[in-house]
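Each chain is listed here by its residues.
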Amino acid sequence: MPLQIPHPTTPLHLYRHLLRESTYLPALCRPWIASRIKDRFRDRRYRKPATPYVKQAYTSLRYLRSANAGHIGRLERLCFMATGRVGKRRRILATTQLAAPPPADTAEAEQSRIETVPQSAPSDHPVDAAAHSHPAASPWKKRDWLENWSLDMISALARSQVAQQASNWPQSMRRTLDTKKIERGTNVFGRPYNPKLLRNKLKKHWAGVLHQLLPPLPQGEWDHLASLVHGDANADELTIPRRRPVARPVRHSNHDLANEQWDWSQHVLKPARVIERGSNRRQKSLTGNEDQDPRGHGRPIGVRVIGSRKLQRIYGRIWNMSPIIKEGSGAKKWSVSWGENEQRISAPFKSDLSFFKGVTTDGKPLAEAPAPAKR
């Protein structure tokens, strides 16, 4: 799979290569990957020095080319990034979907403001000396980041993930979610934790839960993913775009890549394993180099032809690890639903039906019909 386009030499040329490769991705992850390329380029365009960013962009370009060549693992990870299972969008979804609800009315907002007055703020009311000497008795508390999250929603989603998760998921939730052990804990002297220390322990606990949590998807996106898995969506969304033909010069050029002179100095200065590392079967989809094996080119490891059925399997795995959360009824405050991808056996072709004659759908032989009675 040698590359047929020139290697990018400038940052702008590299940026155009990245945008070109993003157009060959599946429709599910194409918009998010393209937007991330544009945002990262605009954010780092004028930063100095540019060498580390250019080096990272070259790595991303090789990654995208390998995914477009048919590497299942890398293509699947790009889909994880686009659906918020890993990466930046996972943090965005967690912030928007699991945030604490705003105050319902003015009285609730005023009460929240009074309870979170900073301790250093001046006040016209006299402060009780006993309350000032014992922080636990003071009604004031300093607002922190934990106030912005709906802890009961996070707890319900985490418990549902523990019961649903598999070993091959990108995030694995721990099974100790109860905070009673922290709230009832004591220090080495057998005394309850100081309020500040207790708050820090609770923040550390919920930060670990958020780090392992798979955030819920919006309802519309979850339904669209379900339609892709069931085959009810547009057929164009289950196909990989074909590569556009490479531009050729109008005039005949005497420069031929096949007639380039062999650089023998690299084989003298470096070991053979270093020179041939980029052309082995594991790295071939990343580098695009061809090996010099006289027995023929070996197939790259992890690369295969991706059709609509393979894309549906990838989307089905993503749907299995994508929840939606709604307000429950009765004692159950929150209701969590996960995608359920049913493994269905495909129907055989007409040419294959001859192998199933005389057999029922569950594999048992059909009962022979009784012979007609002779008269």
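Everything below is about the structure printed above this text.
A.B. asks: Go over the overall build of the chain with me, naming the residues and quoting the values.
C.D. replies: Each helix and strand in the chain was counted, giving 15 helices and two strands. Scored against the burial criterion, the 375 residues of the chain give a buried share of 30%. The long-range share in the chain, meaning contacts at least 24 apart out of those at least 6 apart in sequence, stands at 67%. In the structure as shown, the chain presents an accessible area of about 26600 Å², 54% of it carried by carbon and sulfur atoms.

A.B. asks: For the packing of helix α4 (residues 72–82) against helix α15 (residues 308–320), give the residues involved together with the corresponding values.
C.D. replies: A packed helix pair is summarised by two numbers, namely the angle formed by the two axes and the spacing between the axes. Direction vectors running N to C along α4 and α15 enclose 50°, while the axes themselves pass 11 Å from each other. Classified by the angle between their axes, α4 and α15 sit oblique to one another. Every pair of crossing elements has a handedness; the one defined by α4 and α15 is right-handed. Mapping the contact onto sequence places I72, L75, E76, C79 and F80 in α4 and K310, L311, I314, Y315, R317 and I318 in α15. The residue inventory of the contact of α4 with α15, partitioned by class, reads eight nonpolar, no polar and three charged.

A.B. asks: Let's hear about the pairing of strand β1 (residues 323–327): which residues, and what values?
C.D. replies: Sheet analysis places β1 next to strand β2 (residues 334–338), joined by five bridges and oriented antiparallel. In the strand pairing of β2, I325 is matched with V336. Between β1 and β2, which pair antiparallel in sequence order, lie six residues; one of them, G330, sits at a positive phi of approximately 75°.

A.B. asks: If you had to explain the side chain of H205 to someone new, which residues and values would you point to?
C.D. replies: Counting through the fold element by element, H205 comes out in helix α10 (residues 195–212). The class of H205 is buried, set by a relative accessible area of 8%. Aside from chain neighbours lying at most four places away, what touches H205 is R174, T176, L177, T179 and I182.

A.B. asks: For the packing of aromatic side chains, give the residues involved together with the corresponding values.
C.D. replies: Tallied over the entire structure, the rule returns three aromatic pairs. Both rings, one in W169 and one in W338, keep their centres 5.5 Å apart while their planes meet at 40°; by these two values the pair is tilted. A residue pair is termed long-range when its members are at least 10 positions apart, and W169 in the loop between α8 (151–164) and α9 (180–183) and W338 in strand β2 qualify at 169 residues. The burial state of W169 is the same as that of W338; both residues are buried. Here the aromatic rings of W222 and W319 are separated by 5.3 Å at their centres, their planes lie at 50°, and the arrangement is tilted. Taken together, the residues W222 in helix α11 (residues 219–230) and W319 in helix α15 connect sequence positions 97 residues apart.

A.B. asks: Mind laying out a positive patch on the surface, listing which residues take part and the relevant values?
C.D. replies: Taken together, the side chains of R281, R282, R299, R304, R309 and R313 present a region of like positive charge at the surface. For R313, the position within the fold is in helix α15. Residue class for R313 comes out partly exposed when judged on its relative accessible area of 47%.

A.B. asks: I'd like a rundown of a nonpolar patch on the surface, residues and numbers included.
C.D. replies: A contiguous nonpolar surface patch, about 550 Å² in accessible area, is contributed by W262, W264, V268 and L269. Tracing the backbone through its elements, the reader meets L269 in helix α12 (residues 265–269). On the basis of relative accessible area, L269 is assigned to the exposed category, the value being 68%.

The rules behind the values
Residues take numbers from 1 onward in each chain, read along the sequence in its written order. Local features in a predicted model are, by the rule used here, given only for residues with pLDDT of at least 70; side-chain atom pairs are given and counted only at 80 or more, and totals for whole chains, interfaces and linings are based on all residues. With hydrogens and water set aside, each side-chain value is computed from the structure's full complement of heavy atoms. Numbering of helices and strands runs from the N terminus; a helix is a DSSP stretch of H or I covering at least four residues, while a strand is a stretch of E covering at least two. Any residue under 20% of the maximum accessible area for its type is buried, any over 50% is exposed, and the rest in between are partly exposed; the area is computed with a 1.4 Å probe on protein chains only. In this analysis, two residues are considered to be in contact whenever any of their non-hydrogen atoms come within 4.5 Å of each other. The Shrake-Rupley method, run with a 1.4 Å probe sphere, supplies the accessible areas, and residue values consider only the shown protein chains as cover. Here an axis means a line fitted to C-alpha atoms, over the contact stretch when the element is a helix, while the angle between two N-to-C directions is reported on a 0 to 180 degree scale. Here roughly perpendicular refers to angles of 65 to 115 degrees, roughly parallel to angles under 35, roughly antiparallel to angles over 145, and oblique to all remaining angles. We call a crossing left-handed when the near helix sits turned anticlockwise from the far one by less than a right angle, and right-handed when that turn is clockwise. Any residue that is not Ala, Val, Leu, Ile, Met, Phe, Trp, Tyr, Cys, Pro, Asp, Glu, Lys or Arg is counted as polar, Gly included; the first ten are nonpolar and the last four charged. Two strands are counted as paired when DSSP detects at least two bridges linking them. Note on aromatic contacts: the rings of Phe and Tyr and the six-membered ring of Trp form a pair at centre separations within 6.5 Å, being stacked when their planes are under 30 degrees apart, edge-to-face when over 60 apart, and tilted otherwise. Only residues whose relative accessible area exceeds 30% and that form no salt bridge enter a patch; like-charged residues are grouped when within 9 Å of one another, and nonpolar side chains (Val, Leu, Ile, Met, Phe, Trp, Tyr) when within 5 Å. What counts as a salt bridge is simple: a side-chain nitrogen of Lys or Arg found within 4 Å of a carboxyl oxygen of Asp or Glu. Charge assignment in this entry is limited to Lys and Arg as positive and Asp and Glu as negative, and neither His nor the chain termini are counted. Throughout, a charge is located at the NZ atom of Lys, the CZ atom of Arg, the CG atom of Asp or the CD atom of Glu.

That's the geometry; what it means functionally is another story.
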